[in-house]
Amino acid sequence: MSMNPALAVDRVQRLERLLEISRVLATTRDLPPLLKAVVDAATVLTDSEVSCIFLYDPEAQQLRLEFAPWLTPEATQAISVPLDHSIAGQVFRRKRPAVLQVRGQDSRPLQALGQQLGLPTRSVLAVPLIFRDKAIGVLKAMNKGGGSDYTGDDGSILETLSVLAATAIGNVRLVEDVQAAYHQLSSLDQAKSDFIAIASHEFRTPLGLILGHATFLREGAKPEVLEQLDVIIRNAERLKKIVEDLSRLNQLDQGTTELRLEVFSVQEFLDELVHGYESTATERYISLNDEVTPVGMLVEADREKIQIALSNLLDNALSFTGPGGHVLVGARQVPAATGERIGWVEFEVVDDGIGIAADKLQRIFDRFYQVGSHLRRRRGGLGLGLSVAKSMVERHKGRIWAESLVGKGSRFAFRVPERQRPSRGEGGAGAS
Ligand code: ADP
């Protein structure tokens, strides 16, 4: 069968157009311009007077007219067709194209369609839009040019276009779904953050009062109530720590935590910290020491955040080490490795307590993670201490890790740069 040369040129031109359109469709991210591009392409490629597109509305179980260039947006929105007794519905259901021409056929469906769409209709070529094996809509070309009939070529080119269009529409919708889910999550996240911020704020005042009064009462207390007061104080302090951990994590999540940098002596800092824990250690018959090399070492960091991180490690070491045990808090200078511009200060807390099993070691820095069930634990806490420490360290562009052997003890360590890099503009030659 020889092909008419004019027809061949026509085909090549159509294919070139199709290629061009496929590029447009693949890069359009919003639905309205995408639908317009599809409809324009359908009209040109099939040499029709107009085209329009219907998308399935699963809630209404109808096909909704989404774009018809001869109608206003309001008029377009008002039109939807049922799946039964309509050309579009039939194409959608069967997932097969359909052609209707005035000539030689029952013209009533065309008249009905024309009335519905507000446009005299002589001929219709309708193809389904199929995305991942599911029909999602229908693309219709109407009124073939020159009053002629739609050909097999028109059918196959419109089907090809429909494949491209359905993929593009399906992808845009997927992206929209993901975005919607993301917004929903962010607003939930915001609600959670607000709740934590408000709750921790509201907890702080009564807790402060309880602690203040109990401490005051303890001063002149008779020996028989001393123990009870200590229980109150201990538990209020525990609660305070939980509230503080929650609110700190929340602030870190929200990005509202700033680094307040200062240069300070590591030795003085550790002495002060360890001093604050001496009585706890003595009560538990644990020996507590600190060690800094070199002694005069300085660090530029947010002192309060480093203190929170180290306190959380120290709290844990003292809790998970039995009487007669040892806890050592240390700091040492680590020179910059090759390729690094700034050296590090490494802090560590070493204990010879109960240790942590290797398979749990990966998870202890996760939020709310505790080894063993919460109820069987011998001390309070929400499993936040280590994740707070981690956040504080990472905020300094440092890292934290743990080594441990069950029954032998644990070593928790973190490194922070010995100074934070100068920010852009103010830096010297080496600054990035
Ligand atoms: P919490 O504040 O509830 O103690 P953390 O995040 O501080 O939570 O610690 C998580 C878990 O890691 C603890 O429940 C504990 O089982 C384990 N852990 C932390 N530090 C030590 C340690 N020094 N020795 C043994 N286990 C530890």
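Up top you'll find the structure we're talking about.
Below you will find a few notes about this structure.

Conventions we followed
- Residues numbered from 1 in each chain as written.
- Predicted model: local features only at pLDDT ≥ 70, side-chain atom pairs only at ≥ 80, totals over all residues.
- Heavy atoms only, no water.
- Helix = DSSP H or I, 4+ residues; strand = E, 2+ residues; numbered from the N terminus.
- Buried < 20%, exposed > 50% of the residue type's maximum accessible area, 1.4 Å probe, protein only.
- Contact = heavy atoms within 4.5 Å.
- Pairing = 2+ DSSP bridges.
- Axes fitted to C-alpha atoms, helices over the stretch in contact; angles between N-to-C directions.
- Core = buried A, V, L, I, M, F, W, Y, C linked by side-chain atoms within 4.5 Å.
- Arc of directions from axis to C-beta.
- Left-handed = near helix turned anticlockwise from the far one by under 90°.
- Salt bridge = Lys/Arg side-chain N within 4 Å of Asp/Glu carboxyl O.
- Phe/Tyr/Trp six-rings, centres within 6.5 Å; stacked < 30°, edge-to-face > 60°.
- Expected span 1.5 Å × (residues − 1).
- Polar contact = N/O pair within 3.5 Å; in protein donor to acceptor, adjacent residues only side chain to side chain.
- 1 Å grid on protein atoms, 1.4 Å probe; cavity = no way out; pocket = protein on both sides within 12 Å on 5 of 7 lines; lining within 4 Å.
- Points joined across faces, edges and corners; volume = space filled by probe spheres on them.
- Parallel < 35°, antiparallel > 145°, perpendicular 65-115°, else oblique.
- Nonpolar A, V, L, I, M, F, W, Y, C, P; charged D, E, K, R; others polar.

## Observations regarding the environment of Ser193
Note on placement: Ser193 falls in helix α6 (residues 152–219). For Ser193, a relative accessible area of 2% translates into the label buried. Placed 61 residues apart in sequence, Ser193 and Gln254 show a C-alpha to C-alpha distance of 7.8 Å. Leaving out residues up to four positions away in the same chain, Ser193 has contacts with Asn250 and Gln254.

## Details of the sheet that holds strand β6 (residues 134–144)
Whether parallel or antiparallel, the strands of a sheet pair through hydrogen bonds between backbone atoms. Judged by pairing direction, the sheet is antiparallel, and its six strands sit side by side in the order β3-β2-β1-β6-β5-β4 without closing on themselves. The open sheet has two edge strands with one neighbour each: β3 (80–82) and β4 (98–101). Taken pair by pair, the neighbouring strands of this sheet meet at an average axis angle of 25°, ignoring direction. Against the sheet, helix α2 (residues 31–45) contacts β1 (48–57), β2 (62–67) and β6, and its axis sits at roughly 140° relative to β1.

## Some thoughts on the sheet that holds strand β12 (residues 399–405)
Read across the open sheet, the five strands follow the order β8-β10-β11-β13-β12; overall the sheet is mixed. Pairing within the sheet leaves two strands with one partner each, and these edge strands are β8 (287–293) and β12. Averaged over all neighbouring strand pairs, the angle between strand axes comes to 15°, with direction disregarded. The pairing of β8 with strand β10 (residues 326–334) spans seven bridges and is classified as parallel.

## What to know about the nonpolar core
Grouped together as the largest cluster of nonpolar side chains are 46 residues, with contacts concentrated most on Val266, Leu270, Leu310, Leu314, Phe347, Ile364 and Phe414. Element by element, the count of residues in this core is highest for helix α9 (residues 303–319), at eight residues. Not counting chain neighbours up to four residues away, the residues in contact with Leu310 comprise Phe269, Leu270, Leu273, Val329, Phe347, Val349 and Phe414. Among the nonpolar cores identified, the runner-up in size contains 30 residues, and Val127, Leu161, Ala165 and Ile169 belong to it.

## Looking at helix α5 (residues 108–117)
Among the residues making up α5, those that are buried are Leu110, Leu113, Gly114 and Leu117. Around the axis of α5, the buried residues are gathered within 100° of arc, so they sit on the same side. When the buried face of α5 is taken as reference, the exposed residues oriented beyond 90 degrees from it are Arg108, Gln111 and Gln115. Lining the buried residues of α5 we find β1, β2, α4 (87–94), β4, β5 (123–131) and β6. Positive phi appears at Gly118, one or two residues downstream of α5, with a value of about 70°.

## Concerning the packing of helix α7 (residues 223–254) against helix α11 (residues 385–395)
Axis separation between α7 and α11 bottoms out at 10 Å; the angle between their running directions is 35°. The element α7 and its partner α11 pack so that their crossing is left-handed. Residues Asp245, Arg248, Leu249 and Leu252 of α7 lie in contact with α11, whose contacting residues are Gly385, Ser387, Val388, Ser391, Met392 and Arg395.

## Description of the pattern of salt bridges
Opposite charge on two side chains allows them to pair when their charged atoms are near. This structure, assessed with the given rule, holds 20 salt bridges. Note that Lys360 and Asp359 form a salt bridge whose closest N and O atoms lie 3.3 Å from each other. Residues participating in the shared-partner salt-bridge network are Arg332, Glu346, Glu348, Glu403, Arg411 and Arg415.

## Some details on the packing of aromatic side chains
Under the counting rule described, the total for this entry stands at five aromatic pairs. For the pair Phe365 and Phe412, a centre-to-centre distance of 6.2 Å together with 70° between the ring planes defines the contact as edge-to-face. Of the two residues, Phe365 sits in the loop between α10 (358–361) and α11 while Phe412 sits in strand β13 (residues 409–417), which places them 47 residues apart along the sequence. Neither residue differs from the other here; Phe365 and Phe412 are each classed as buried.

## Let's talk about α6
Helix length check: α6 (68 residues) gives 99 Å between terminal C-alpha atoms against 100 Å at 1.5 Å per residue, within 8%. Capping the start of α6, Thr151 holds a side-chain oxygen 3.3 Å from the backbone nitrogen of Asp153, two or three residues further along.

## Considering the layout of surface pockets
A volume near 330 Å³ is recorded for the second largest pocket. In this structure, the second largest pocket is lined by 14 residues; those nearest its centre are Arg248, Gln251, Thr257, Glu304 and Lys305. Elements with a contribution of two residues or more to the lining of the second largest pocket: α7 and α9. Ranked by residues supplied to the lining of the second largest pocket, first place goes to α7 with four residues.

## Some remarks on the packing of α9 against α11
Packing of α9 against α11 leaves a shortest axis separation of 8 Å and a crossing angle of 150°. Of the possible angle classes, the one that applies to α9 and α11 is roughly antiparallel. Seen along the crossing, α9 lies across α11 with a hand that is left-handed. Where α9 approaches α11, its residues Lys305, Ile308, Ala309, Asn312, Leu313 and Asn316 are matched on the opposing element by Gly385, Leu386, Val388, Ala389, Met392 and Val393. Residue composition of the contact of α9 with α11, by class: eight nonpolar, three polar and one charged.

## Let's talk about the side chain of Thr321
Tracing the backbone through its elements, the reader meets Thr321 in the loop between α9 and β10. Reaching out from Thr321, the side chain makes a polar contact with the backbone oxygen of Ala317 at a distance of 2.6 Å.

## Structural notes on the environment of Val38
Inspection of the secondary structure puts Val38 in helix α2. The exposure class assigned to Val38 is buried, which follows from its relative accessible area of 0%. In this structure, Val38 is in contact with Leu25, Ile53, Leu139, Leu161 and Ala165, ignoring residues within four places of it in sequence.

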